[in-house]
Amino acid sequence: MSNKSSLIMDNLFDLKVFVDVVETSSFTKSSEKLEISRSAVGKCIARLETRLQVRLLNRTTRSISLSDEGHTVYESALKILYEIENVENILSQGQLEPRGLLRITAPIVLGRQYILPLIQIYLQRWPEVQIDMDLSDNYCDLIGEGFDIAIRIGGNDDNRLVRKILAPHRFITCASPEYIKNYGIPTNINELKNHKTLSFRHRGNSVPWQFNTEQGYQRYLTKGRLLLNDTEAILDVALKGHGICQLGAFLVGKYISRGDLIPVLSEYSKPEYPICALYPTKRYLPPKVRQFLNLFDEYWGGKAIWD
């Protein structure tokens, strides 16, 4: 181990302050969170920069950002502090009982319909845990915003995170029996232009539909008259016979099984990225995280329970 690494580990509090400043992007917020003065925060950062002989932060009157060297130190600091937290958990919990605050972020509909029931079971089993759940369709910086687990649809391009596959995922193009009776069924993708389509808008942009054709993967940008930024609203309109939609199987699966919606263009269905749990890279998972992940194995078993 280098002298610089040894010096970092010799002053864990300075390291903790540095990480907190990065994650809050504020000396003031960090001082309030750690209950020390703003000047004390500045001294901690200055000591680290002096010891390491590098500038860790680029500071202006309006913003704080990491230097190239700061990025390296930040990633190493996270690993060090996580390992210390894990050791403290093991020593303090004896039997590895989950306890403390568990912060989770998940997509709105999936979270409301399928994650919350698991959370209720979790809270009954582990009375020493408090859960803070954020329902949002926007991806966040899991580590930067202090979440323990993110439930997401798709992959992971952040090497600080571990991915655990929970269930397969697919989009289903479908319409109500009433719509099909009135307007018929499209037999190929090109025929969609002659149908009423219900489009999802995310962050100001219409989200293309996805298909698998003989020519390969195809994105189809619908030009329907109704554009909505809420998938449950799209579902509601589709159920009332006002158009064709393409939504996640976890949202429409039960309506298809009841006959309230009928799949169309199924031969063009494209396998999608699975539903995953993402969590910070750790050698030892805290019991509160491990037990929550175990619930998915117990109740989902790697299957799409909504199909």
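Data block above holds the structure.
Residues numbered from 1 in each chain as written. Predicted model: local features only at pLDDT ≥ 70, side-chain atom pairs only at ≥ 80, totals over all residues. Heavy atoms only, no water.

**Details of helix H2 (residues 12-24)**
Helix length check: H2 (13 residues) gives 18 Å between terminal C-alpha atoms against 18 Å at 1.5 Å per residue, within 8%. Within the span of H2, buried status applies to Asp14, Leu15, Val17, Phe18, Val19, Asp20, Val21 and Val22. Phi turns positive, to about 55°, at Ser25, one or two residues after H2. (Helix = DSSP H or I, 4+ residues; strand = E, 2+ residues; numbered from the N terminus. Expected span 1.5 Å × (residues − 1). Buried < 20%, exposed > 50% of the residue type's maximum accessible area, 1.4 Å probe, protein only.)

**A word on the packing of H2 against helix H3 (residues 27-34)**
Packing of H2 against H3 brings their axes to within 8 Å, and their N-to-C directions diverge by 125°. Classed by the angle they form, the pair H2 and H3 counts as oblique. Where H2 crosses over H3, the handedness of that crossing is right-handed. Counting all contacts with H2, which are made through Lys16, Val17, Asp20, Val21 and Thr24, the residues of H3 involved are Phe27, Lys29, Ser30, Lys33 and Leu34. (Axes fitted to C-alpha atoms, helices over the stretch in contact; angles between N-to-C directions. Parallel < 35°, antiparallel > 145°, perpendicular 65-115°, else oblique. Left-handed = near helix turned anticlockwise from the far one by under 90°. Contact = heavy atoms within 4.5 Å.)

**Structural notes on the sheet that holds strand S4 (residues 129-135)**
Strands belonging to one sheet form pairs held by backbone hydrogen bonds; the direction of such a pair is parallel or antiparallel. Taken in spatial order, the five strands of this open sheet run S4-S3-S5-S15-S6, and their pairing is mixed. Unpaired on one side and paired on the other, S4 and strand S6 (161-167) mark the two borders of the sheet. Sheet twist, expressed as the average angle between the axes of neighbouring strands with direction ignored, equals 20°. The pairing of S6 with strand S15 (residues 275-280) spans six bridges and is classified as antiparallel. Paired with Leu161 across the strands is Pro280, a residue of S15. (Pairing = 2+ DSSP bridges.)

**Looking at the packing of aromatic side chains**
With the rule as written, the count across this model stands at seven aromatic pairs. With centroids separated by 6.1 Å and ring planes inclined at 75°, the aromatic side chains of Phe250 and Trp306 adopt a geometry described as edge-to-face. Linking Phe250 in helix H9 (residues 249-257) with Trp306 in the segment after helix H10 (287-299), this pair joins segments that are 56 residues apart in sequence. Per residue, the accessibility class of Phe250 equals that of Trp306, and both read buried. Taken together through their ring pairs, the aromatic side chains of Tyr114, Tyr122, Phe250, Phe292, Phe296, Trp300 and Trp306 make up a single cluster. (Phe/Tyr/Trp six-rings, centres within 6.5 Å; stacked < 30°, edge-to-face > 60°.)

**A short note on unusual backbone geometry**
A positive phi angle is found at Glu35, which is not glycine, with a value near 60°. Counting through the fold element by element, Glu35 comes out in the loop between H3 and helix H4 (38-52). By relative accessible area, Glu35 is classed as exposed at 73%. Here the phi dihedral of Gln53 falls at roughly 60°; this positive angle occurs in a residue that is not glycine. As for its placement among the helices and strands, Gln53 is situated in the loop between H4 and strand S1 (57-59).

**As for empty space enclosed by the protein**
Applying the stated criterion across every chain, the model contains one cavity of 30 Å³ or more. In this structure, the largest cavity occupies an estimated 50 Å³ of space. Lining the largest cavity are Thr105, Ala106, Pro107, Ser136, Asn138, Tyr139, Cys140, Ala150, Ile151 and Arg152. At the level of secondary structure, the elements contributing two or more residues to the lining of the largest cavity comprise strand S3 (100-106) and strand S5 (149-153). Here the lining of the largest cavity takes three residues from S5, the largest share from any one element. Its residues placed into classes, the lining of the largest cavity shows six nonpolar, three polar and one charged. (1 Å grid on protein atoms, 1.4 Å probe; cavity = no way out; pocket = protein on both sides within 12 Å on 5 of 7 lines; lining within 4 Å. Points joined across faces, edges and corners; volume = space filled by probe spheres on them. Nonpolar A, V, L, I, M, F, W, Y, C, P; charged D, E, K, R; others polar.)

**As for the layout of surface pockets**
Over the atoms rolls a probe the size of a water molecule, and its path tells where empty space is left. Its boundaries defined by the atoms lining it, the largest pocket holds a volume of some 930 Å³. Lining the largest pocket are 30 residues, with Ile153, Phe171, Phe200, His202 and Val207 positioned closest to its centre. For the lining of the largest pocket, the elements supplying multiple residues, two or more each, are helix H6 (108-125), strand S8 (198-202), strand S9 (205-206), strand S10 (209-213), strand S13 (245-248) and H9. In terms of residue class, the lining of the largest pocket is made up of 15 nonpolar, 11 polar and four charged. Within this model, the second largest pocket holds a volume of roughly 720 Å³. Taken together, 25 residues line the second largest pocket, and the ones lying closest to its centre are Lys16, Glu23, Lys33, Tyr82 and Glu85. Those elements that provide at least two residues to the lining of the second largest pocket are H2, helix H5 (68-93) and S3. Residues that form the lining of the second largest pocket fall into these classes: 11 nonpolar, three polar and 11 charged.

Geometric descriptors of this kind do not, in isolation, establish any biological role.
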